[in-house]
Structure formats: C-alpha cells, structure tokens
Amino acid sequence: MTAQAVTVAPDAILAHAARAMARSRVKRLPVVVRLCGTSLAPVGVEVHDGVVTFTGCVDDGAFVPLATLLARAVPGVVDVHCTLTGRRRHPDPDPADPHHTPSA
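The paragraphs below set out a description of the structure included in this document. What you see is a predicted model; the values in this text were computed from it and never measured.

As for a nonpolar patch on the surface
Among the surface-exposed residues, Phe63, Leu66, Leu69 and Leu70 lie close enough to one another that they form a single nonpolar patch of about 370 Å² accessible area. Counting through the fold element by element, Phe63 comes out in helix H2 (residues 63–72).

In structure tokens:
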C-alpha cells in the first residue's frame, strides 16, 4: 500500500506547514496547486523505489510535461512514468484580426 503524499496548498500559513512536516516527520513539503477540474478524474501520484507514476487527467495539457520535469528534479527520483492526459487549450482568436469571422 502506498502512503498518501503530505502536501500543503499555496495559501497555507507557515505554522500549518510546519505542523504537517513535524507530524509526518518529513523534511520537504510540496506545495500543490489543484490541476484538475471537478469534471475530470483526480490526478494520482505514486512513488515506489524512487519511481514516480502519474495517472489521471488535468484541465490543461500543458501541465503534463511540466509535472514530469518537476518530478525528475526531486532528489531521490530515479524515473518518472507519466500517463497523465489533458485537454488541449486553444488560444482565443484575435478579435482584432480582420480575417476572423465569428462562428454562428
């Protein structure tokens, strides 16, 4: 069985983070921003023998390579397996573009 990761949100106060670290006896505490919307499955993160495995969906597909890159930068990580999927976000067309015709 894999233990749940100990994390804090970006808006957590320092005292809360310090208590979480002391209770869990960890030396590093990741600050986690929620990447998934309510309509998508949660993101799973498992670590076994230094191998990080990501599963699930994220709202923005641009986070997929970022998650892999950040995980590889963590000391002790030897490999990253990533099966995250994400919706591709397309930029809004430029309304000032004279060639743009709005769809009906």
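That covers the picture; the talk isn't over yet.
Some details on the pattern of salt bridges
The full count for this structure, using the stated rule, is one salt bridge. Salt-bridge contacts for Asp79 lead to Arg72; the nearest nitrogen and oxygen are separated by 3.7 Å. The exposure class assigned to Asp79 is partly exposed, which follows from its relative accessible area of 28%.

Observations concerning the nonpolar core
The nonpolar side chains of a soluble globular protein tend to be buried, and buried together. Judged by nonpolar contacts, Val52, Phe54, Val58, Val64, Ala67, Ala71, Val80 and Leu84 together constitute the single largest core of eight residues. Counting only elements with at least two residues in this core, the list comes to strand E2 (51–55) and H2. Ranked by residues supplied to this core, first place goes to H2 with three residues. With sequence-adjacent residues up to four places away left out, Val64 is seen in contact with Val58, Cys82, Leu84 and Thr85.

Rules behind the numbers
- Here the residue index of a chain counts from 1 through its sequence in written order.
- Given that this is a predicted model, residues contribute local features only at a pLDDT of at least 70 and side-chain atom pairs are listed and counted only at 80 or more, while totals for whole chains, interfaces and linings are drawn from all residues.
- Note that water and hydrogens are dropped before the side-chain values are worked out from all heavy atoms of the structure.
- The residues that make up patches have over 30% relative accessible area and no salt bridge, and they are joined within 9 Å when like-charged or within 5 Å when they are Val, Leu, Ile, Met, Phe, Trp or Tyr.
- To measure how exposed things are, a 1.4 Å probe is used in the Shrake-Rupley method; for residues, cover is taken only from the protein chains shown.
- A side-chain nitrogen of Lys or Arg and a carboxyl oxygen of Asp or Glu constitute a salt bridge if their distance falls within 4 Å.
- Here a helix means four or more residues in a row that DSSP labels H or I, a strand means two or more in a row labelled E, and each is numbered from the N terminus.
- Three labels apply to residues, based on accessible area from a 1.4 Å probe with only protein chains included: buried if under 20% of the type maximum, exposed if over 50%, partly exposed otherwise in between.
- We call a set of buried Ala, Val, Leu, Ile, Met, Phe, Trp, Tyr and Cys residues a nonpolar core when their side-chain atoms join them within 4.5 Å.
- Two residues qualify as a contact provided that any one of their heavy atoms is within 4.5 Å of a heavy atom in the partner residue.

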